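Survey of secondary and tertiary structure
The residues making up each chain are set out below.
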Amino acid sequence: MEAAIFEYHKEEDTVDIEAFQGEKQKVIQPTSLKDPKLEKLKEALVYWINSTLKSEHIVVQSLEEDLYDGLVLHHLLSRLAGVHVSVEEMALTSLAQIRKLGMIVEELDKRLGLQDSSRIKWNVKLIHNKDLLATIHLLVAMVRAFQPELDLPPNVSVEVVVVEVSRSGIKSDVQTEVLTEERDASSDSQSKTERDDPIEQLLKLEAHKVNTVKKAILHFVNQNMSSMGLQVADMDKQFADGVILLLLIGQLEGFFVPLYHFNLTPVSHSEMLHNVTLALDLLNDTGLQVSSVDPQDIVSQDDTATLKVLYALFKKHKGKCEKEEELSKQEHKQS
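All of the points below concern the structure found in this document. Chains are numbered independently. Their residues run from 1 in the order of the written sequence. In keeping with the model being predicted, local features are shown solely for residues with a pLDDT of at least 70 and side-chain atom pairs are shown and tallied solely at 80 or more, while totals for entire chains, interfaces and linings include all residues. Side-chain numbers come from the whole structure's heavy atoms, not from hydrogens or water.

Turning our attention to the overall build of the protein. A run of DSSP states H or I qualifies as a helix once it reaches four residues; a run of E qualifies as a strand once it reaches two. Both are numbered from the N-terminal end. Within the protein one finds 17 helices and three strands. When a residue's accessible area, from a 1.4 Å probe over protein chains only, is under 20% of the maximum for its type it is buried; when over 50% it is exposed; and in between it is partly exposed. Expressed as a percentage of the 335 residues in the protein, the buried residues total 38%. Note on contacts: a residue pair is in contact if any heavy atoms of the two residues lie within 4.5 Å. Partitioning the intrachain contacts of the protein with sequence separation of at least 6 by distance along the chain shows that 59% fall at a separation of at least 24. Areas reported here follow the Shrake-Rupley algorithm with a probe of radius 1.4 Å; residue values treat only the protein chains shown as occluding. Accessible surface, the protein as shown: approximately 19,300 Å² in total, 51% of it carbon and sulfur.

This paragraph deals with helix α9 (residues 132-146). A helix is expected to span 1.5 Å multiplied by its residue count minus one. Helix length check: α9, at 15 residues, gives a terminal C-alpha distance of 21 Å against a target of 21 Å (1.5 Å per residue), a fit within 8%. The element α9 is extensively covered by neighbouring structure, given that 13 of its 15 residues are classed as buried. The N-cap of α9, judged by a side-chain oxygen 3.1 Å from the amide nitrogen of Leu133 a few residues on, is Asp131. In protein, a polar contact requires one atom able to donate a hydrogen and another able to accept it; more generally it is a pair of N or O atoms within 3.5 Å, and residues adjacent in sequence count only if both atoms are side-chain atoms.

Moving on: helix α4 (residues 36-52). Taking 1.5 Å per residue, 17 residues should reach 24 Å; α4 reaches 24 Å between its end C-alpha atoms and fits that length. Among the residues making up α4, those that are buried are Leu38, Leu41, Lys42, Leu45, Val46, Trp48, Ile49, Asn50 and Thr52. In the core, the buried residues of α4 are packed alongside α3 (30-33), α5 (63-66), α6 (71-81), α9 and β2 (157-166). The N-terminus of α4 is capped by Asp35, whose side-chain oxygen sits 2.9 Å from the backbone nitrogen of Lys37.

At least two DSSP bridges between two strands are needed for those strands to be called paired. Strand order in the open sheet formed by three strands is β1-β2-β3, and the pairing between neighbours is antiparallel. The open sheet has two edge strands with one neighbour each: β1 (24-28) and β3 (169-178). Averaged over all pairs of adjacent strands, the angle between strand axes in this sheet comes to 25 degrees, irrespective of strand direction. In this structure, β2 lies alongside β3, joined through ten bridges in antiparallel fashion. Note on β3: the bridge partner recorded for Ser166 is Gly169. Axis geometry follows a simple rule: fit a line to the C-alpha atoms, using only the stretch in contact for helices, then measure angles between N-to-C directions, giving values from 0 to 180 degrees.

Note on aromatic pairs: the rings of Phe, Tyr and Trp (six-membered ring only in Trp) are paired at centre separations within 6.5 Å, and the planes decide the class, stacked below 30 degrees, edge-to-face beyond 60, tilted for the rest. Under the defined criterion, the tally for this structure stands at two aromatic pairs. Between the aromatic rings of Phe220 and Phe314, the centroid separation amounts to 5.3 Å while the plane-to-plane angle is 85 degrees, which identifies the pairing as edge-to-face. In this pair, Phe220 sits in helix α12 (residues 207-225) while Phe314 sits in helix α17 (residues 303-334), placing the two residues 94 residues apart along the sequence. Neither Phe220 nor Phe314 differs from the other in exposure class; each is buried. Seen in terms of ring centroids, Tyr311 and Phe314 are 6.5 Å apart; in terms of plane orientation they differ by 40 degrees. Their pairing is tilted. With Tyr311 and Phe314 both in helix α17 and three residues apart, this pair spans about one turn of that helix. Relative accessible area serves as the criterion here: at 24%, Tyr311 is assigned to the partly exposed category.

None of the figures reported here should be taken as evidence of function without further support.
Spelled out as structure tokens, the structure:
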């Protein structure tokens, strides 16, 4: 095991044991790297980063390979905390990257309220060395601090080998490292229910109650689309290509989405996905965040995902639409 940990040293290299003395290194066990829960957490964090930085045209594919130079963390800090650190945009050399990371991580630690180094599970060296464990710990802490409403996969933990180097040799121990908090099903059921999305709760009710809400939302949609000569009869199917959803968002938020930004008559799956992704990005830009909705779900005509988006719009604009309808009735009576 010890040989495997340090196998990257070439045979002709001279390893300075004193340089490693007293230092503990954590390495995720290969079996844990294949854990589906860990994979879901990584996917959720990548999706969160890409959604947050969509307007800046930054796309992350790998947590290990895309965050080590500080560029992504720099933009996340600016976007989420409104803090701009005066560092070069592109740090090309290793020394420049470490210097940039140092300033960004120091500022992040302050914003996260973690000046106590004993509580911090990451540092500049680990992040720059593409340490997955440290990178995930940092990202999870950022989500908890800046977007606590975001539900990350719970109960994610990994087996790690803790390696410590001393004059007497190398000691290793296997431990469990918690990445996201554990939840006890019995004790946490009430708080979890309170955090559930309203649509998730709605779908647990009787069918006639669900249909009543759907009719109210459908009436709201058609009320706002009638001026365009459009009418929706099937919410799942007619919103799947993203066209009516984009037009509805523009109508409610008071802006026009240029036709060259989306496909007005989408045919392929990729065109539909582009439209729906754009629609969700627009909602995010207007401050209307819809939890746990993937563009793919709407394209696939997922009832729950479509309802979540429409309910969010309904909840935000229902009062304004009712006032406009009342004013219209009064003007009609007066005339």
